[in-house]
Amino acid sequence: LTPTADRLTGSLVAGIGFQIFKNQYLNLQLTESNDRDLGHLDGYAAQTTFELTRNLSLLLDFEHQQGYEGIENDFYTSLVFPIGQSTFVSVTQDGSTMGGNTSYEVDRASRPDQPLGYTFSDTAGSNENQVFDEVTYEAPFGQYDVQHTGFEGTSTNEVDVAGAIDFADRSVMFSRPITDGYAVVDAGVPGVPVYVNGIWVGTTNGAGLLANPDVVPYAENEVTLDTSSLPLNLNFNTTSQSLAMPF
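None of the values given here were measured: they were computed from a predicted structure.

Q: Report on the confidence of the model for the protein chain, specifying residues and quantitative values.
A: Chain-level pLDDT for the protein chain is 86 on average; 94% of the residues reach the 70-or-more range. Element-level pLDDT for the protein chain is lowest in strand β12 (residues 164-168), with a mean of 84, against a maximum mean of 94 in strand β11 (residues 154-162).

Q: Please set out the pairing of strand β15 (residues 193-196) residue by residue, giving values where relevant.
A: Pairing between β15 and strand β16 (residues 199-203): four bridges, direction antiparallel. By the bridge assignment, Val-196 is partnered in β16 with Ile-199. Both β15 and strand β18 (residues 221-225) contribute to a ladder of three bridges, which runs antiparallel. Opposite Val-196, over in β18, you have Val-223 as the bridge partner.

Q: Give a detailed account of unusual backbone geometry, specifying residues and quantitative values.
A: Positive phi values are uncommon outside glycine, yet Asn-197 reaches one of about 55°. Tracing the chain through its elements places Asn-197 in the loop between β15 and β16. The phi torsion at Tyr-218 lies on the positive side, around 60°, for a residue other than glycine. Mapped onto the elements of the fold, Tyr-218 is located in the loop between β17 (209-212) and β18. Among the residues examined, Tyr-218 registers a relative accessible area of 54% and is labelled exposed.

Q: Run through the nonpolar core, naming residues and quoting values.
A: As a rule of thumb, nonpolar side chains are buried together in soluble globular proteins. Judged by nonpolar contacts, Val-185, Ala-187, Val-189, Val-192, Val-194, Val-196, Val-201, Leu-210, Val-223, Leu-225 and Leu-230 together constitute the single largest core of eleven residues. When neighbours within four sequence positions are excluded, Leu-210 is seen to be in contact with Met-173, Ala-183, Val-184, Val-185, Val-194, Val-201, Gly-202, Thr-203 and Thr-204.

Q: Talk me through the environment of Thr-123; I want residue IDs and the actual numbers.
A: Assignment of secondary structure puts Thr-123 in strand β8 (residues 116-125). Note: C-alpha distance between Thr-123 and Glu-220 (97 residues apart in sequence) is 41 Å. At a separation of 2.9 Å, a polar atom in the side chain of Thr-123 contacts the side chain of Ser-103.

Q: Explain the side chain of Ser-86 to me, and be specific about the residues and the numbers.
A: Along the chain, the position of Ser-86 falls in the loop between β5 (70-83) and β6 (87-96). At 2.6 Å, the side chain of Ser-86 forms a polar contact with the side chain of Gln-114.

Q: An account of the sheet that holds β18 is needed here, citing residue identities and associated values.
A: Sheet strands pair via backbone hydrogen bonds, and the direction of the pair is either parallel or antiparallel. Taken in spatial order, the four strands make up an open sheet running β16-β15-β18-β19, and their pairing is antiparallel. Two strands bound the open sheet, and with one partner strand each, they are β16 and β19 (240-243). When strand polarity is set aside, the average angle formed by the axes of neighbouring strands in this sheet is 25°. Pairing geometry for β18 and β19, over four bridges, is antiparallel. Residue Glu-222 lies in a different strand from β19, and its bridge partner there is Ser-242.

Q: So what's going on with the pattern of salt bridges? Which residues, and what values?
A: Any two side chains of opposite charge can pair, so long as their charged atoms come close to each other. Taken as a whole and judged by the stated rule, the model has two salt bridges. A salt bridge links Arg-111 to Asp-113; the nearest nitrogen and oxygen atoms lie 2.7 Å apart. For Asp-113, a relative accessible area of 36% translates into the label partly exposed. A salt bridge links Arg-176 to Glu-138, with the shortest nitrogen-to-oxygen separation between them at 3.6 Å. You can see Arg-176 sitting in the loop between β13 (171-175) and β14 (183-186) and its partner Glu-138 sitting in strand β9 (residues 130-139), a full 38 residues away along the chain.

Analysis parameters
Residues numbered from 1 in each chain as written. Predicted model: local features only at pLDDT ≥ 70, side-chain atom pairs only at ≥ 80, totals over all residues. Heavy atoms only, no water. pLDDT = per-residue confidence, 0-100. Helix = DSSP H or I, 4+ residues; strand = E, 2+ residues; numbered from the N terminus. Pairing = 2+ DSSP bridges. Buried < 20%, exposed > 50% of the residue type's maximum accessible area, 1.4 Å probe, protein only. Core = buried A, V, L, I, M, F, W, Y, C linked by side-chain atoms within 4.5 Å. Contact = heavy atoms within 4.5 Å. Polar contact = N/O pair within 3.5 Å; in protein donor to acceptor, adjacent residues only side chain to side chain. Axes fitted to C-alpha atoms, helices over the stretch in contact; angles between N-to-C directions. Salt bridge = Lys/Arg side-chain N within 4 Å of Asp/Glu carboxyl O.

Pasting the structure below:
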């Protein structure tokens, strides 16, 4: 860089969302960024969702960008509906100054009480032709992920295995990956189901312990033991406790 060159690099994103009518929501977003190599970029976006029926939603999204690559406008129209209790299908039409694409996606999120998740998507149009498939399994002691991507005649495959080794109370435990922090539940009895904020996260091990990596940071978390299946001669002083990760 020359002594007089712009060395400022940064970005600012501001957004607000609110409900317009009973079944309609609107989100607005402004972006401003500066890169010392690429230059200045600003833009805005508006997104609204209509609940057409109980099981059918229409999403409209407009995005405008102006900067080092010129002016680009993108408009997305997407229909989303469920199949079953936890699987959602979306059909998206993308119209932009660079061309248009149509995407189809089937998605099911993985979580401790629903360990098997998947995403299957297919995009075709003037911009790109891409296939993306992913299957995820969340076990109490690890997370397993298989991905396949096909793009313009080439394909890649990826397998990821992730987990954590937790040390607490002179015990070693295995859990799913830790992002912000974790809590150790000590029930004193093996095989006790544990719920955090109403969601099943696992059962205690042979030592009566469970490492839970799903604690929400900087907020109150309700940890509950389900003792309904335990022998009646087992007594607990309490089966529920609130906790919060420190700042």
